[in-house]
Amino acid sequence: MKINEPQYISTDVLVIGGGGAGLCSAIVAREKGASVVLASKSMIGVGNNTALSKAAFASVNAPGDSLETHIKDTLVSGRFINNPRIVSRFVKEVQNVPAFLEKCDVPFEKEEGKFLIS
C-alpha cells in the first residue's frame, strides 16, 4: 500500500461540522470575505444533530412566545442545571436566527408573518 503525499489546503476559516451551526458559521464567514472550508464526518446536512432533530428549534419569533417564556422553557428543559444568565443572553441573541436562515433559503411555514417554530 502506497501512502500518498500529503495535500495542503489553505483557508481563512475552517468550520468543522455540517449541521445547522456549521453551515451558518460558514455562510457568515464567507459573507465577511473569508475563504471557508467546511469539513463534515458525513454528507453535509445529513449526519448531524440538526438533521436528527428534523431541524426543530425554539425561537421567540413563534406566535404566543416571549423572551420570558423561552427562558423559562429552556431552564426547565435543562433541569435547571443550565446557567440562567447564559440562557437569558442566548435566548436574546438567537431571535434573529430564523430570519437569517430564511435569507439563506431555508423554507419555513409562517402564520400572520410569524415563524411557526416548535
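Residues numbered from 1 in each chain as written. Predicted model: local features only at pLDDT ≥ 70, side-chain atom pairs only at ≥ 80, totals over all residues. Heavy atoms only, no water.

Enquirer: Lay out the overall build of the chain in plain terms, naming residues and giving numbers.
Expert: The helix and strand tally for the chain stands at 5 helices and 4 strands. Along the chain, helices (α) and strands (β) appear in the sequence β-α-β-α-α-α-α-β-β when read from the amino end. The 118 residues of the chain split such that 21% are buried. Considering only contacts in the chain between residues 6 or more positions apart, those separated by 24 or more positions represent 44%. (Helix = DSSP H or I, 4+ residues; strand = E, 2+ residues; numbered from the N terminus. Buried < 20%, exposed > 50% of the residue type's maximum accessible area, 1.4 Å probe, protein only. Contact = heavy atoms within 4.5 Å.)

Enquirer: Outline unusual backbone geometry, listing residues and values.
Expert: Positive phi, close to 55 degrees, is recorded for Arg 79, a residue that is not glycine. Tracing the chain through its elements places Arg 79 in the loop between helix 3 (67-77) and helix 4 (84-93). A relative accessible area of 68% places Arg 79 in the exposed class.

Enquirer: Please give an account of the pairing of strand 1 (residues 13-16) that cites residues and values.
Expert: Note: strand 1 against strand 2 (residues 36-39), 4 bridges, orientation parallel. Pairing of Val 15 across the sheet is with Leu 38, part of strand 2. Following the chain from strand 1 across helix 1 (residues 20-31) to the adjacent parallel strand 2, one finds a crossover that is right-handed. (Pairing = 2+ DSSP bridges. Right-handed = clockwise from strand over helix to strand, strands pointing away.)

Enquirer: Tell me about the confidence of the model for the chain, residues and numbers included.
Expert: Taken over all residues, the pLDDT of the chain has a mean of 80, while the share at 70 or more is 75%. Per-element confidence in the chain is highest for strand 1, whose mean pLDDT is 95, and lowest for helix 2 (residues 49-52), whose mean pLDDT is 62. (pLDDT = per-residue confidence, 0-100.)

Enquirer: Outline the environment of Gly 19, supporting the account with residue identities and numerical values.
Expert: With respect to the element layout, Gly 19 can be found in the loop between strand 1 and helix 1. Each C-alpha atom, one on Gly 19 and one on Ser 40, is 8.3 Å from the other, the two residues being 21 residues apart in sequence.

Enquirer: Give me helix 4: which residues, what numbers.
Expert: Those residues of helix 4 not exposed but buried are Val 87, Ser 88 and Val 91. Taken end-on, helix 4 shows its buried residues confined to a sector of 100 degrees, consistent with a single buried face. Opposite its buried face, helix 4 presents the exposed residues Arg 85, Ile 86, Arg 89, Phe 90 and Glu 93, each directed more than 90 degrees away. Packed against the buried residues of helix 4 are helix 3. Two or three places before Arg 85, at the opening of helix 4, Asn 83 has a side-chain oxygen 2.8 Å from that residue's backbone nitrogen. (Arc of directions from axis to C-beta. Polar contact = N/O pair within 3.5 Å; in protein donor to acceptor, adjacent residues only side chain to side chain.)

Enquirer: Tell me what's going on with the packing of helix 3 against helix 4, and back it up with residues and numbers.
Expert: Relative to each other, helix 3 and helix 4 sit at 130 degrees, their axes nearing to 9 Å. Considered as vectors, helix 3 and helix 4 are oriented oblique to each other. When you trace helix 3 past helix 4, the crossing you get is right-handed. Residues Leu 67, His 70, Ile 71, Thr 74 and Leu 75 of helix 3 lie in contact with helix 4, whose contacting residues are Pro 84, Val 87, Ser 88, Val 91 and Lys 92. When the residues that make up the contact of helix 3 with helix 4 are grouped by side-chain class, the tally is 6 nonpolar, 3 polar and 1 charged. (Axes fitted to C-alpha atoms, helices over the stretch in contact; angles between N-to-C directions. Parallel < 35°, antiparallel > 145°, perpendicular 65-115°, else oblique. Left-handed = near helix turned anticlockwise from the far one by under 90°. Nonpolar A, V, L, I, M, F, W, Y, C, P; charged D, E, K, R; others polar.)

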